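Residue-level listing of the chains:
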Amino acid sequence: MSTDGQNPETLGAERDWSDRLFGGFRKTTERLSENLSGIVGKTTLEEAQLDDIEDALIMSDLGPRAAARIRARLAAERFERDADERAIMEVVAREIAEILRPVAKPLDVVAFPRPQVILVIGVNGSGKTTTIAKLAHLFQEQDYSVMLAAGDTFRAAAIGQLGVWADRLGIPLVKGPEGGDPASIVFDAVKAATEQGIDALIVDTAGRLQNKRELMDELSKIRRVLGRLNPEAPHDVVLVLDATNGQNALSQIEIFKEVAGVSGLIMTKLDGTARGGVLVAAAEQYGLPIHAIGVGEKIDDLRPFNPDLLARVIAGIA
Ligand SMILES: Nc1nc2c(ncn2[C@@H]2O[C@H](COP(=O)(O)OP(=O)(O)OP(=O)(O)O)[C@@H](O)[C@H]2O)c(=O)[nH]1
């Protein structure tokens, strides 16, 4: 064990995923530092430099609002005479951290009575199924019992994929036939989870945005059925977003807020994408809690959202 209580293996894993994050944000960092070689003979940044930084932030998917906020902070800052690029990036990182800190909120299992019902929503391909498995694993590591419900009955593959994860993790899965009624599966799952004293029930849902009306009806029916069994349920409605979608991820927040209500976000695929700045745009624009981030395809690649670390990664100074 090392002095801070983490064993070398854990530390190695931490380094591995933060390296992957760094890889993804390299382009952002390069954009930010292009044309920026520090301040010469002065203590403030020039308008042209501020313009360049603001443009680079927008190009890196942080969105116009966050970019304007960071620019304003840089414009007000008095640097040491001849400050270097790193001093400027420290200020950028501090402002990004201030945007991100208020939305960092882990998904805790707190519901009483149990189970805590977590609806997971998001478009197909966003990493929803993998995220459900990762979340279940995270809860298991905290000694919570977990059950899954295959509420996406639209595609047999979705049910099958969830089954594979449930087997691998050794947790129960409640499922029905392809084309079955998702609300009735969720009903059965809540009953079973309650009877078995399960701590967390994670529900997969369909992600067909092509038919908004149908999706809305399906999700509100699930909510109605849940409410009958437990007025507090669902306790969480977690939207899974794929960071590689960039600005498109923001329109997904907009749509899912409308069709399902969203209580928090998990952003996946932050490893190796140059578009991860969209997380900052989402935080600034919607202020929804961000529960965790996905940084790879493996079961333990879901990480708690650490705003200070991410801010430094984006600014290239972690
Ligand atoms: N690099 C990377 N890949 C991920 C991450 N999360 C999920 N994936 C991959 O993204 C692909 C889609 O993930 P799924 O979990 O199948 O996504 P889904 O939203 O359930 O999609 P459907 O099964 O099509 O509904 C898979 O190949 C996953 O391994 C992540 O954080 N990083």
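Computed from a predicted model, the values in this text were never measured in an experiment.

Asks: I'm lost on the overall build of the chain in this one. Help?
Replies: When its secondary structure is counted, the chain shows 11 helices and eight strands. Here the C-alpha radius of gyration of the chain, 21 Å, is about what a compact globule of 318 residues would show, namely 20 Å. Classification of the 318 residues of the chain by burial places 45% in the buried group. A fraction of 76% describes how many contacts in the chain between residues 6 or more apart in sequence connect residues 24 or more apart.

Asks: I tried to follow the packing of helix H5 (residues 128-141) against helix H6 (residues 156-169) on my own but got confused; where do I start?
Replies: Packed helices, taken two at a time, are described by their axes: the angle between them and the distance between them. It is at 10 Å that the axes of H5 and H6 come closest, and there the two elements cross at 20 degrees. Taken as axis vectors, H5 and H6 run roughly parallel relative to one another. The crossing of H5 and H6 is right-handed. Contacts from Thr-129, Ile-132, Ala-133, Ala-136, His-137 and Gln-140 of H5 reach H6 at Ala-158, Gln-161, Leu-162, Trp-165 and Leu-169.

Asks: Could you clarify how one ought to interpret the environment of Asp-271 in this entry?
Replies: If you trace the backbone, Asp-271 turns up in the loop between strand E6 (264-268) and helix H10 (278-286). For the pair formed by Asp-271 and Ile-293, sequence separation is 22 residues and the distance between their alpha carbons is 9.5 Å. Excluding residues that lie within four positions of it along the chain, Asp-271 makes contacts with Arg-20, Leu-21, Gly-24, Val-295 and Gly-296.

Asks: Just to check I follow, could you spell out the sheet that holds strand E5 (residues 236-242) for this structure?
Replies: Picture the strands of a sheet paired through backbone hydrogen bonds; they go either parallel or antiparallel. One open sheet holds the eight strands; their spatial order is E3-E2-E4-E1-E5-E6-E7-E8, and the pairing between them is mixed. This sheet does not close on itself; its edge strands, each paired only once, are strand E3 (173-174) and strand E8 (302-304). Relative to strand E4 (residues 200-205), strand E2 (residues 146-151) runs parallel, the two sharing six bridges. The partner of Met-147 across the bridge, within E4, is Leu-201. Together, strand E1 (116-121), E2, E4, E5, E6, strand E7 (290-294) and E8 form the strand contacts of H5, whose direction differs from that of E4 by roughly 175 degrees.

Asks: Any chance you could explain helix H7 (residues 182-195) here in plain terms?
Replies: For an α-helix, the turn length of 3.6 residues means that residues three or four places apart are oriented alike. Between its first and last C-alpha, H7 extends 20 Å over 14 residues, near the 20 Å set by a 1.5 Å rise per residue. Listing the buried residues of H7 in full gives Pro-182, Ile-185, Val-186, Ala-189, Val-190 and Ala-193. Each buried residue of H7 sits inside an arc of 135 degrees when the element is viewed along its axis, so together they form one side. What points out from H7, more than 90 degrees from its buried face, is the exposed set Lys-191 and Glu-195.

Asks: Is there a simple way to explain the pairing of E1 in this structure?
Replies: Every other side chain in a regular strand lies on the same face of the sheet, so the side chains alternate between the two faces. The element E1 is largely enclosed, with a buried count of six among its six residues. Sheet analysis places E1 next to E4, joined by five bridges and oriented parallel. Among the inter-strand pairings, Leu-119 is bridged to a residue of E4, identified as Val-203. Where E1 lies against E5, four bridges are found, and the strand directions are parallel. Opposite Leu-119, over in E5, you have Val-237 as the bridge partner.

Asks: I keep staring at the nonpolar core and nothing clicks. Help me out?
Replies: What tends to happen in soluble globular proteins is that the nonpolar side chains get buried as a cluster. Membership of the largest hydrophobic core comes to 94 residues, with the highest contact counts inside it found for Leu-201 and Ile-202. With near-sequence residues (within four places) excluded, Ile-202 lies in contact with Ile-118, Val-120, Ile-132, Leu-135, Ala-136, Val-146 and Leu-148.

Asks: I would appreciate a short explanation of the environment of Val-123 in the present structure.
Replies: Relative to the helices and strands, Val-123 is located in the loop between E1 and H5. Taking C-alpha positions, Val-123 is 12 Å from Val-259, a pair spaced 136 residues apart along the chain. Apart from residues no more than four positions distant in its own chain, Val-123 is found in contact with Gly-207, Leu-209 and Gln-252.

Asks: What's the story with H6 in this structure? I'm lost.
Replies: When the terminal C-alpha atoms of H6 are compared, their 20 Å separation across 14 residues agrees well with the 20 Å that a helix rising 1.5 Å per residue should span. Those residues of H6 that are buried lie in contact with H5, E2, E3 and E4. A positive phi of about 70 degrees marks Gly-170, the residue just after H6.

Asks: What is the right way to look at the UniProt feature "domain: AAA+ ATPase" (unreviewed entry) in the chain in this model?
Replies: In this structure's numbering, the residues bearing the UniProt feature "domain: AAA+ ATPase" (unreviewed entry) are residues 114-261. Along residues 114-261, the helical share is 50% and the strand share 18%, with 22 Å between the first and last C-alpha atoms.

Asks: I would appreciate a short explanation of the pairing of E5 in the present structure.
Replies: Counted residue by residue, E5 has seven buried out of seven residues, so it is predominantly covered. The sheet contact formed by E5 and E6 spans five bridges and is parallel. Bridge assignment links Asp-242 to a residue of E6, and that residue is Thr-268. You can see the chain leave E5, run along helix H9 (residues 247-260) and come back into E6, and the turn it takes is right-handed.

The rules behind the values
Residues numbered from 1 in each chain as written. Predicted model: local features only at pLDDT ≥ 70, side-chain atom pairs only at ≥ 80, totals over all residues. Helix = DSSP H or I, 4+ residues; strand = E, 2+ residues; numbered from the N terminus. Rg over C-alpha atoms; globule rule 2.2 N^0.38 Å. Buried ≥ 20, exposed ≤ 12 C-beta atoms within 10 Å, placed from the backbone. Contact = placed C-beta atoms within 7 Å. Axes fitted to C-alpha atoms, helices over the stretch in contact; angles between N-to-C directions. Parallel < 35°, antiparallel > 145°, perpendicular 65-115°, else oblique. Left-handed = near helix turned anticlockwise from the far one by under 90°. Pairing = 2+ DSSP bridges. Expected span 1.5 Å × (residues − 1). Arc of directions from axis to C-beta. Core = buried A, V, L, I, M, F, W, Y, C linked by C-beta atoms within 7 Å. UniProt positions renumbered as here; feature names shortened; annotations may be inferred. Right-handed = clockwise from strand over helix to strand, strands pointing away.

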